[in-house]
Amino acid sequence: FTRVKEIFWNIQGFTSVRLEWDATTDDEIAVLSGSGYLDLHAVGGLLDPKSSGTTGDILLTTAGAVSGATYTILLVVELI
């Protein structure tokens, strides 16, 4: 299993960036825009739900990009 404990991000020039656990029907982790920090320690982190067809991968999908758009995303994860 994989657990996301923290997310740091800085997104410029995109409407949003979506993070999802890869599965037959992907499971949402977060939809990010602008810049920020999400501390998930208090809730025990976000655990991969291991839905049907799961691969264990985390997918990143961008929306609404303009020329020169950039993003930086740092995930703090725990393998359990």
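Below you will find a few notes about this structure. Everything numeric in this text was worked out from a predicted model, so none of it was measured.

### So, the sheet that holds strand β6 (residues 58-63)
Across a sheet, paired strands are connected by hydrogen bonds in the backbone, their directions being either parallel or antiparallel. What the three strands build is an open sheet, ordered β3-β2-β6; its pairing is antiparallel. In this open sheet, the two edge strands, each paired with only one partner strand, are β3 (27-32) and β6. For this sheet the average axis-to-axis angle between neighbouring strands, irrespective of direction, equals 20 degrees. The pairing of strand β2 (residues 16-21) with β3 spans five bridges and is classified as antiparallel. Directly across from Trp-21, in β3, lies its bridge partner Asp-27.

### As for the environment of Phe-1
Note that Phe-1 resides in the segment before β1 (2-12). The residues contacting Phe-1, other than those within four sequence positions of it, are Leu-47, Asp-48, Lys-50, Glu-78, Leu-79 and Ile-80.

### A closer look at the side chain of Glu-20
Within the secondary structure, Glu-20 sits in strand β2. It is Arg-18 that comes nearest to the buried, bridge-free Glu-20 among opposite-charge side chains, at 4.3 Å.

### Looking at the packing of aromatic side chains
By the definition in use, this model includes two aromatic pairs. With 4.5 Å between their ring centres and 40 degrees between their planes, Phe-8 and Tyr-37 make a pair best called tilted. Residue Phe-8 is found in strand β1, and its partner Tyr-37 is found in strand β4 (residues 35-39); the two are separated by 29 residues along the sequence.

### A short note on the pattern of salt bridges
This structure, assessed with the given rule, holds three salt bridges. Between Glu-78 and Arg-3 there is a salt bridge; the shortest N-O distance is 3.3 Å. With a gap of 75 residues between them, Glu-78 in strand β7 (residues 70-79) and Arg-3 in strand β1 connect regions that are remote in the sequence. Of the charged contacts in the structure, one is a salt bridge between Glu-28 and Arg-18, with a shortest N-O distance of 2.6 Å. Here Arg-18 lies in strand β2 and Glu-28 lies in strand β3, a separation of 10 residues in the sequence. Several salt bridges share partner residues, and in doing so they unite Arg-3, Lys-5 and Glu-78 into one network.

### With respect to the nonpolar core
Counting residues in each nonpolar core, the largest one holds 12 residues, listed as Val-4, Ile-7, Trp-9, Ile-11, Phe-14, Val-17, Leu-19, Trp-21, Ile-29, Ala-30, Leu-32 and Leu-40. Secondary-structure elements contributing two or more residues to this core are β1, β2 and β3. Here the element with the most residues in this core is β1; it accounts for four residues. Residues within four places of Val-4 in sequence aside, it is in contact with Trp-21, Leu-40, Gly-45, Leu-46, Ile-58, Leu-75, Val-76 and Val-77.

Conventions used here
- Residues numbered from 1 in each chain as written.
- Predicted model: local features only at pLDDT ≥ 70, side-chain atom pairs only at ≥ 80, totals over all residues.
- Heavy atoms only, no water.
- Pairing = 2+ DSSP bridges.
- Helix = DSSP H or I, 4+ residues; strand = E, 2+ residues; numbered from the N terminus.
- Axes fitted to C-alpha atoms, helices over the stretch in contact; angles between N-to-C directions.
- Contact = heavy atoms within 4.5 Å.
- Buried < 20%, exposed > 50% of the residue type's maximum accessible area, 1.4 Å probe, protein only.
- Lys, Arg positive; Asp, Glu negative; His and termini not counted.
- Salt bridge = Lys/Arg side-chain N within 4 Å of Asp/Glu carboxyl O.
- Phe/Tyr/Trp six-rings, centres within 6.5 Å; stacked < 30°, edge-to-face > 60°.
- Core = buried A, V, L, I, M, F, W, Y, C linked by side-chain atoms within 4.5 Å.

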